[in-house]
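# Structure at a glance
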Amino acid sequence: MLRIGKKATCVACKSLVSTNMGIRFRVPLQKLHPLSRAIHHRYCGNTNPQRTPHRTASARYFTSISRLPMRPPKPNKGSGWQNYQQQRNFWVARLAARLLKLRYILLGSAVGGGYTAKKTYDEWKDMLPDFSEYNWVIPDFVWELSEQIDLDKLAKALPEMEEIAKLLPDFDKIGENFTFLKSLLSSGLSLGSEVKGASGVHLLLETSSNPALKATDASTAASHDGDKQYKKSSDREKIDQLQEELLRTQLKYQRMLERLEKENKELRKVVLQKDDKGIHQRKVKKSLIDLYSEVLDILSDYDANYNTQDHLPRVVVVGDQSAGKTSVLEMIAQARIFPRGSGEMMTRSPVKVTLSEGPHHVAIFKDSGREFDLTKEEDLAALRHEIELRMRKSVKEGQTVSSETISLSVKGPGIQRMVLVDLPGVISTVTAGMASDTKDTIFSISKAYMQNPNAIILCIQDGSVDAERSIVTDLVSQMDPQGKRTIFVLTKVDLAEKNLASPSRIQQIVEGKLFPMKALGYFAVVTGKGSSGDRIESIKDYEEDFFQNSRLLRDGMLKAHQVTTKNLSLAVSDCFWKMVRESVEQQADVFKASRFNLETEWKNNYPRLRELDRNELFEKAKNEILDEVISLSQVTPQHWEAILQKKLWERVSTHVIENIYLPAAQTMDSGTFNTTVDIKLKQWTDKQLPHKALEVAWETLQEEFARFMAEYKGKDQDDIFDKLKEAVKDESIKRHKWNERALDSLRVIQHNALEDRSITDKPQWDAAIQFMEETLQSRLRDTESVIKDMVGPDWKQRWINWKNRTPDQHIRNETKNELDRLLKLHDDHTAYLANDEVTTVRKNLEGRGVEVDPVLIKDTWHQLYRRHFLHKALSHCNLCKRGFYYYQRHFVDSELECNDVVLFWRIQRMLIITANTLRQQLTNTEVRRLEKNVKEVLDDFGEDTEKKTQLITGRRVQLAEDLKKVREIQEKLEAFIEALHKEK
């Protein structure tokens, strides 16, 4: 029995390694599934764990993931039935074990996969940067948008679907009307002309191309001729009802759109205000229209100076005087920004207005930083006053209008982006107070703007006057015959409707049938209620009410899209940007080619010079001039004093010799000499000397300033600055005034210096003698030169140079010889000839056949005596060189008197002290004041464009200016084009 059991268990174990199916493995029995090994040991009875595993080559083992073996054929009942039952029980156990293992595999896979996914997510999350540090990139209003805007409230404010359904027209009723119209058409009634006013019906009728609808039956019409009149009247009533239904529907939609636009405008204003507060601290990019406006401003200045071709688009507003063009522009800008007058010309120069959207309704000039709040009446009044002042300032004397452009920017919520130019109104007659060429000037200004092929012409026509009185329409038709860039605007339609007996005339004007000019579009607007003080909001309400109740719109004479300034501004803005997109790149290419030509010319003519425009050249010259002025403060005191002393003596030496020294020298004793000298010196000091000294100091400062400016020139000096430097020097000297308080103090100093007579040492004595000797010798040379010119050449010069004396020189020579003999006889003669001496000399000359006048004798004597006196004074000066000892003893017991030496010492000491005083005033005060004046002059010249243009000229300057402007225009155009592409 035991043997049988063992055999049975071996059979059960062998069933696990059936050779029919599976994969061959050489593994021990312990490597089998634990459940299989347990079953095997149960039937086997051998519990030895070290049992040698099966290692036969033919053994095959199946893992838990292998396919189950095929069921063996069921044996017959008998001896093998028991074995079969055991095999069937073992198969059930194997199936259960495998199913259990599959559960564990799925559970483990789920747990492992989840852990792996979590770990991968954590690693990926750690690789990402911390975006909390970049929250500043997003504006603050984005984070606060949910707090500021109640989205639930906004959703509730929107109309319900039921309300929208109520606004929709009664399509059933309209369908019935169309069915009725179709039946009428099919019966032979032609109603096209009668319903032409209704735009929707008219379009439907025109698009219908079914010939069956247009066919008529002559026989039927003849038979029903009696019913036509009744049907025609009923058809008219139904057509009128249909038109009224369409008009009411359109008005309902218009009110709904206006309400939604108003809410959208408020929301945009809130967002823009938040954007303005949150991003204003960082660099804000300029808007698209601001970039374009800057280009136009630069082109306006550039074109005025160099007459370039500016073909960039802008909206040109033209019209007859008082036609309402300024009012149209104000309605578009949504503010009363222009000065107004009843019948008087108010627009005296072109005004360029750049319109753009912004959080606040403000206006600002191009050259000013002040913002005018257009919601306040006082700011509006100040803005109108400023525009009027600028207009009057731009008009030259004797003129009425000016071509100078005033640039203004207006920003506000809901304003359409565009650039408009308001031109002076066209007039037909020059009235009193106007210049004779006012009419022609206005025409030339208007043509200059309209001849731009890319300019959009906004032609304004007054609807309250007869169309035949219009002047501007002919002008516009000449500049744009095809009407490809003209928009016609009929103003004051409310007055026109009241005054005209036939409203169809307005329809003819708006349809372009009354005027010979052509246009892209025609608009009818109302820009006022009759009072200049009306607000824009009230005028808009009045305009909307008028057109809603007007028979012009109700009868189909005007289309809904042709009325109100709001529709006009939308249409003009669309045309403006369309023109900009079509032409701006072509204009950029034109300036690019111009830049290349200018750069080539510069390289060929000025290859080694920098491209400095007029402003840069002025700054360079300004620095050089200031350096030259600063150099004045580096002049040494010795140089100043030497120059001042020399110039002062040259200025006063003649007075000292002629009026002080010579009269005093004619006295007989030393006491009289000193008294005469003191009196004359006192008079001279009180009246002339201080003024002369200040004049000398001022001239010295000018000469030194001019010398430094001249010496500053080197090989790097540019001659283009010469005219500017000369003008600066002249203007600075003209403005500079010496300090008058220095005059009194200088007078006291000079008076004290001249009163001193005490020479303390021998060197001072010798210096005085040297000064006296040099002065006398200089005067002697001058006197000899005068005498030589009087008498003519001597015999040696006549023989060598072949020169002869003139008759006058011959007479003077004879007179000189006669007077020389007189001086030899009277060596101590006085300075003046007595009358008898004059008579004697005259008779002696007449005896030799020379007729001479007594005045000539005295004049000749004056020069001869001067020479005689100077020779004696020099001889006396040589004697006084050893007279210092006698001076110290006051010339007691001495025949030598050297009072003239003391006089020259006093003069010399006064010169030294005066030069020192003037030098101190120059270095401490006047040089700084001159430097200040030079800076003021340079600043004034720098602000005066015309002055710079006059002083810095030449082809080089003009070429550099052209290059700068063209580059700036091209760069701004490229930036604008890039922003324009991004906006698309």
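This structure is a prediction, so every number in the text was calculated from the model and none was measured.

## Some remarks on the overall build of the chain
For the chain, the count of helices and strands is 37 helices and nine strands. Within the chain, the proportion of its 984 residues that are buried is 41%. Long-range contacts, defined as pairs at least 24 residues apart, comprise 80% of the intrachain contacts of the chain with a sequence gap of at least 6.

## A word on the sheet that holds strand β4 (residues 371–373)
Taken together, the nine strands give an open sheet; going across it, the order is β4-β3-β5-β2-β6-β1-β7-β8-β9, and neighbouring strands pair in mixed fashion. Here the strands that pair on one side only, and so sit at the sheet edges, are β4 and β9 (521–524). Averaged over neighbouring strand pairs, the angle between their axes works out to 25° when direction is ignored.

## Re the packing of helix α16 (residues 438–450) against helix α17 (residues 472–479)
Running from N to C, α16 and α17 point in directions that differ by 40°, and their axes come no closer than 10 Å. In this view, α16 runs oblique relative to α17, as classed from their interaxial angle. Crossing of α16 against α17: the hand is right-handed. Touching Phe443, Ser446, Lys447 and Met450 of α16 are Leu475, Val476 and Met479, all from α17. Broken down by class, the residue content of the contact of α16 with α17 amounts to five nonpolar, one polar and one charged.

## Observations concerning the confidence of the model for the chain
Per-residue confidence for the chain gives a mean pLDDT of 75; residues scoring 70 or more make up 70%. Across the chain, strand β1 (residues 315–319) holds the top mean pLDDT of 92, while helix α9 (residues 199–207) sits lowest at 31. Under a pLDDT of 50 for its full length, residues 276–284 has, in the predicted model, eight contacts with residues more than four places off or in other chains.

## Some remarks on the packing of aromatic side chains
The tally for this structure, following the rule as stated, stands at 14 aromatic pairs. Relative to Phe372, the ring of Phe365 has its centre 6.0 Å away and its plane inclined at 85°; by these criteria the two rings are edge-to-face. Exposure class is identical for Phe365 and Phe372. Each is buried. An aromatic cluster is present here, built from Trp649, Tyr661, Phe771, Phe869 and Phe904 joined pairwise through their rings. Above the ring of Phe365, the side-chain terminus of Arg390 is found at 4.0 Å from the ring centroid.

## Let's talk about the pattern of salt bridges
In total, this model carries 48 salt bridges according to the counting rule given. Here Lys881 ties to Glu773 by a salt bridge, and the two come within 3.9 Å at their closest N and O atoms. Of the two residues, Lys881 is situated in the loop between α33 (854–879) and α34 (884–888) and Glu773 in helix α29 (residues 762–791); the sequence distance between them amounts to 108 residues. One continuous salt-bridge network, built from bridges that share partners, spans Arg595, Glu599, Glu611 and Arg967.

## Notes on the side chain of Thr783
The topology assignment puts Thr783 in helix α29. For Thr783, the contacting residues outside a window of four places in its chain are Gln863, Arg866, Arg867 and Leu870.

## Comments concerning helix α32 (residues 835–847)
The end-to-end C-alpha distance of α32 is 18 Å, a good match for the 18 Å that 13 residues give at a rise of 1.5 Å each. Every buried residue of α32 is listed here: Val838, Val841 and Leu845. Projected down its long axis, α32 shows its buried positions confined to an angular sector of 65°, all on one face. Of the exposed residues in α32, those oriented more than 90 degrees away from the buried face are Asn835, Asp836, Lys843 and Gly847. Following α32 by one or two positions, Gly849 has its phi on the positive side, about 85°.

## Observations concerning the environment of Asp944
Relative to the helices and strands, Asp944 is located in the loop between α35 (899–943) and α36 (945–951). Among the residues examined, Asp944 registers a relative accessible area of 33% and is labelled partly exposed. Engagement of the side chain of Asp944 in a polar contact is seen with the backbone nitrogen of Glu946, the distance being 3.2 Å.

## Focus on the side chain of Lys729
Position of Lys729 among the secondary structure elements: in helix α27 (residues 722–735). Apart from the residues lying within four places of it in its own chain, the contact partners of Lys729 are Phe705, Ala706 and Met709.

## A look at a nonpolar patch on the surface
Side chains of Trp795, Trp799 and Ile800 sit close together on the surface and give an oily, nonpolar patch of about 470 Å² of accessible area. Looking at the element boundaries, Trp795 is found in helix α30 (residues 795–801). Exposure remark for Trp795: the relative accessible area of 57% places this residue in the exposed category.

## Re helix α28 (residues 741–755)
Along its 15 residues, α28 runs 23 Å from first to last C-alpha, staying within 8% of the 21 Å computed at 1.5 Å per residue. Those residues of α28 that fall on the buried side of the exposure criterion are Ala742, Leu743, Leu746, Arg747, Gln750, Ala753 and Leu754. Take α28 and look down its axis: the buried residues cluster within an arc of 135°, on one side only.

## Remarks on the state of the cysteines
Under the defined criterion, the tally for this structure stands at one disulfide. Put simply, Cys880 and Cys898 are joined by a disulfide, and their sulfur atoms are 2.1 Å apart. As the torsion about the S-S bond is roughly -100°, the Cys880-Cys898 disulfide counts as left-handed. Taken together, the residues Cys880 in the loop between α33 and α34 and Cys898 in the loop between α34 and α35 connect sequence positions 18 residues apart. On the basis of relative accessible area, Cys880 is assigned to the buried category, the value being 0%. Looking at the unpaired Cys877, the closest cysteine sulfur is the one in Cys880, lying at 6.8 Å.

## Overview of the environment of Ser745
Looking at the element boundaries, Ser745 is found in helix α28. We classify Ser745 as partly exposed; its relative accessible area is 38%. For the pair Ser745 and Pro690, spaced 55 residues apart in the sequence, the C-alpha separation amounts to 9.2 Å.

## Brief notes about the packing of helix α23 (residues 614–632) against α27
Close contact between α23 and α27 brings their axes to 11 Å; oriented N to C, the two are set at 50°. By the angle between their directions, the pair α23 and α27 is classed as oblique. The handedness of the crossing between α23 and α27 is right-handed. Contacts between α23 and α27 involve Phe618, Ala621, Glu624, Ile625 and Glu628 from the former and Leu724, Lys725 and Val728 from the latter. Its residues placed into classes, the contact of α23 with α27 shows five nonpolar, no polar and three charged.

## Digging into the pairing of β9
Alternating residues of β9 divide into Gly521 and Phe523 and Tyr522 and Ala524, and every residue in both groups is buried. Inspection of the sheet shows strand β8 (residues 486–491) paired to β9 by four bridges, in the parallel sense. Note on β9: the bridge partner recorded for Ile487 is Gly521.

## Description of the pairing of strand β3 (residues 362–365)
Judged from the three bridges that link them, β3 and β4 form a sheet pairing that is antiparallel. Its bridge partner lying in β4, Ala363 is registered against Phe372. Where β3 folds back onto β4 in an antiparallel hairpin, the turn is made up of five residues.

Basis of the calculations
All residue numbers here refer to positions counted from 1 along the written sequence of the relevant chain. The model is predicted, so local features are restricted to residues of pLDDT at least 70 and side-chain atom pairs to those at 80 or more, both for listing and for counting; the totals for chains, interfaces and linings are taken over all residues. Each side-chain value is worked out from all heavy atoms of the structure, with water and hydrogens disregarded. Secondary structure is summarised from DSSP: a helix means a run of H or I of at least four residues, a strand means a run of E of at least two, and numbering begins at the N terminus for each. Only protein chains enter the accessibility calculation, which uses a 1.4 Å probe; a residue is then buried when its area is under 20% of its type maximum, exposed when over 50%, and partly exposed in between. Any two residues whose heavy atoms approach within 4.5 Å are treated as being in contact. In this analysis, strands are considered paired if DSSP registers two or more bridges between them. Note on geometry: axes are lines fitted to C-alpha atoms, helical ones only across the stretch in contact, with angles between N-to-C directions running from 0 to 180 degrees. In these notes the angle categories are as follows: under 35 degrees is roughly parallel, over 145 is roughly antiparallel, 65 to 115 is roughly perpendicular, and the rest is oblique. If you view the pair so one helix is near and one far, a crossing is left-handed when the near helix is turned anticlockwise from the far one by less than a right angle, and right-handed when it is turned clockwise. Here the nonpolar group is Ala, Val, Leu, Ile, Met, Phe, Trp, Tyr, Cys and Pro; Asp, Glu, Lys and Arg are the charged ones; every other residue, Gly included, is treated as polar. Note on scores: pLDDT gives the predictor's confidence for each residue, bounded by 0 and 100. Note on aromatic pairs: the rings of Phe, Tyr and Trp (six-membered ring only in Trp) are paired at centre separations within 6.5 Å, and the planes decide the class, stacked below 30 degrees, edge-to-face beyond 60, tilted for the rest. Two conditions define a charge sitting above a ring: the NZ of Lys or the CZ of Arg must be within 6 Å of the ring centre, and it must be within 35 degrees of the ring normal. Salt bridges are defined as contacts in which a side-chain nitrogen from Lys or Arg sits within 4 Å of a carboxyl oxygen from Asp or Glu. Under the convention used throughout, the expected extent of a helix is 1.5 Å for every residue step, that is, one less than its residue count. Directions from the helix axis toward the C-beta atoms define the arc. Under this definition, polar contacts are N or O atom pairs within 3.5 Å; protein pairs additionally need one hydrogen-donor-capable and one acceptor-capable atom, and for neighbouring residues in sequence, both atoms have to be side-chain atoms. Any residue with relative accessible area above 30% and no salt bridge may belong to a patch, with like charges joined within 9 Å and the nonpolar Val, Leu, Ile, Met, Phe, Trp and Tyr side chains within 5 Å. Shrake-Rupley sampling with a 1.4 Å probe provides the accessible areas, and residues are treated as covered by the protein chains on show and by no other component. The definition used for a disulfide is geometric: two cysteine sulfur atoms within 2.5 Å.

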